[in-house]
Amino acid sequence: MSATEVLSALDRIHGMVSVIGSMNADYTVTAQRLPGPGETITGGPLQLLPGGKSGNQAAAAARIGATVQMFGAVGSDSNADFLLGALGEAGVNTTHVRRVPGASGTTVITVDATGENTIVYSPGSNAQVTVDYVESVREALVRSSVLGLCLESPIETVTAAARICHEAGVKVLLNDSPFTPSLPAELVEASDILLVNEHEMAQLLGIDEPENDDWDGFDWGHALEAMHGFGFEQAIVTLGGDGSVVLDSTSATPIQRIAPVRVNAVDTTGCGDSFMGTVLAGLASGMALSEAAELASYVSAYAATGYGAQASYGNAAQIREAYIGR
């Protein structure tokens, strides 16, 4: 489909999304290249930008028009107001975010001249998003039609949120990132859709990766069967600059390759989160998984053209302007 056809889906974004998890202050520096072990290199000015995988996903969904509730914890430092202010500016409802003593979550990010990055994550207040907190916000949490989860919060908290929402009929989208190959059985059972990259998929399912990264020739039918055996009827496997693959045992077309959207990338930080946020918004608005993934390709590619995570996310009008008429 053309960009115009795919982006017309932005007109139908209206649903409500809940996201529970991490909010981080991203200390970001650009350099010509990434340093090697034990090496010191010179970089550009240090920037403080809003981030955190869950916060990013919430901001991305809200920017394109979804109604988004954020759940989690910030600290008692100045970064707390900075993070909540950025989410509010993106249109995210932060009423239920808890403030706790100590530092907010932080990351230290280095970005090279090609847009690649390295990230070190310090959980801070994100580690204090407890099961008791999830229980305390249960009523608000289940108001949405879709819940977004990642693994920058304690695994027992993520599992409890998934269980509560799944039992209430809320669709649960789990991003296995930061990656863990040992997902609790209860979390798998309570999650409807899995989002992973190709390397994470291979590790999770015990599948050999293709030689020379030839994912075009990869046996996606085998991956579909393995994913179903693992416990997911629906999954999205992202392939970086090569697009993504939707594995959907419930669809008449169970394997769908989503083409990449080519842009001049300057920073890929947060692009995966903008992809996830777009899928959340699409699913909450009644889109099929493949349609949401197709839209997400455009939204996440747009994010790669700017620096930072949330700072690079566009609204519907900006994304349309960037692509229509190409």
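Residues numbered from 1 in each chain as written. Predicted model: local features only at pLDDT ≥ 70, side-chain atom pairs only at ≥ 80, totals over all residues. Heavy atoms only, no water.

Engineer: Describe in detail the UniProt feature "binding site: substrate" (unreviewed entry) in the protein, supporting the description with residues and values.
Structural biologist: Here the UniProt feature "binding site: substrate" (unreviewed entry) sits at Asn-24, Ala-25, Asp-26, Gly-52, Lys-53, Ser-54, Gly-55, Asn-56, Glu-152 and Asp-273. Of the residues annotated just before, the largest pocket has Asn-24, Asp-26, Gly-52, Lys-53, Asn-56, Glu-152 and Asp-273 among its lining. As for its placement among the helices and strands, Ala-25 is situated in strand β2 (residues 24-30). On the accessibility criterion, Ala-25 (0% relative accessible area) is buried. What Ala-25 contacts, discounting residues up to four positions off in sequence, is Leu-48, Leu-49, Asn-79, Leu-83, Gly-105, Thr-106 and Thr-107. With respect to the helices and strands, Asp-26 occurs in strand β2. By relative accessible area, which is 4% here, Asp-26 ends up buried. (UniProt positions renumbered as here; feature names shortened; annotations may be inferred. 1 Å grid on protein atoms, 1.4 Å probe; cavity = no way out; pocket = protein on both sides within 12 Å on 5 of 7 lines; lining within 4 Å. Helix = DSSP H or I, 4+ residues; strand = E, 2+ residues; numbered from the N terminus. Buried < 20%, exposed > 50% of the residue type's maximum accessible area, 1.4 Å probe, protein only. Contact = heavy atoms within 4.5 Å.)

Engineer: An account of the environment of Gln-310 is needed here, citing residue identities and associated values.
Structural biologist: Checked against the element boundaries, Gln-310 lands in the loop between α11 (289-303) and α12 (316-323). Here Gln-310 falls in the buried class, since its relative accessible area comes to 6%. For the pair Gln-310 and Ser-300, spaced ten residues apart in sequence, the C-alpha separation works out to 11 Å. If near-sequence neighbours (up to four positions away) are discounted, Gln-310 is found in contact with Pro-50, Gly-51, Gly-55, Asn-56, Ala-59, Ala-86 and Leu-87. In terms of polar contacts, Gln-310 uses its side chain to reach the backbone carbonyl oxygen of Gly-51, at 3.5 Å. (Polar contact = N/O pair within 3.5 Å; in protein donor to acceptor, adjacent residues only side chain to side chain.)

Engineer: Describe the pattern of salt bridges, with residues and values.
Structural biologist: A full pass over the atoms with the stated rule returns eleven salt bridges. Here Glu-135 ties to Arg-138 by a salt bridge, and the two come within 2.8 Å at their closest N and O atoms. The closest approach of N and O atoms between Asp-216 and Arg-257, which form a salt bridge, is 2.7 Å. With Asp-216 in the loop between α8 (198-205) and α9 (220-230) and Arg-257 in strand β14 (residues 255-258), the pair connects residues that are 41 residues apart, well separated along the chain. Accessibility expressed as a relative area gives 61% for Asp-216, which makes it exposed. Each of Glu-135, Arg-138, Arg-163 and Glu-186 takes part in a single network of salt bridges with overlapping partners. (Salt bridge = Lys/Arg side-chain N within 4 Å of Asp/Glu carboxyl O.)

Engineer: Would you mind going over empty space enclosed by the protein in detail, with residue names and values included?
Structural biologist: Summed over the entire model, instances satisfying the criterion amount to one cavity of 30 Å³ or more. Of the voids in this model, the largest cavity is the one considered here, and its volume is about 30 Å³. What lines the largest cavity is simply Ala-60, Ser-274, Val-299, Tyr-302, Ala-303, Tyr-313 and Gly-314. For the lining of the largest cavity, the element with the most residues is α11, which contributes three residues. When the residues that make up the lining of the largest cavity are grouped by side-chain class, the tally is five nonpolar, two polar and no charged. (Points joined across faces, edges and corners; volume = space filled by probe spheres on them. Nonpolar A, V, L, I, M, F, W, Y, C, P; charged D, E, K, R; others polar.)

Engineer: Please give an account of the layout of surface pockets that cites residues and values.
Structural biologist: Where empty space is left in the structure can be found by rolling a water-sized probe over the atoms. Approximately 1300 Å³ is the volume found for the largest pocket. Lining the largest pocket are 45 residues, and of these Gly-240, Thr-268, Cys-271, Gly-272 and Asp-273 sit closest to its centre. The set of elements that each furnish at least two residues to the lining of the largest pocket consists of β2, α2 (53-63), β7 (105-111), β8 (117-122), β11 (193-197), α8, α10 (271-284) and α11. With four residues, the single largest contributor to the lining of the largest pocket is α10. Split into classes, the residues belonging to the lining of the largest pocket amount to 15 nonpolar, 21 polar and nine charged.

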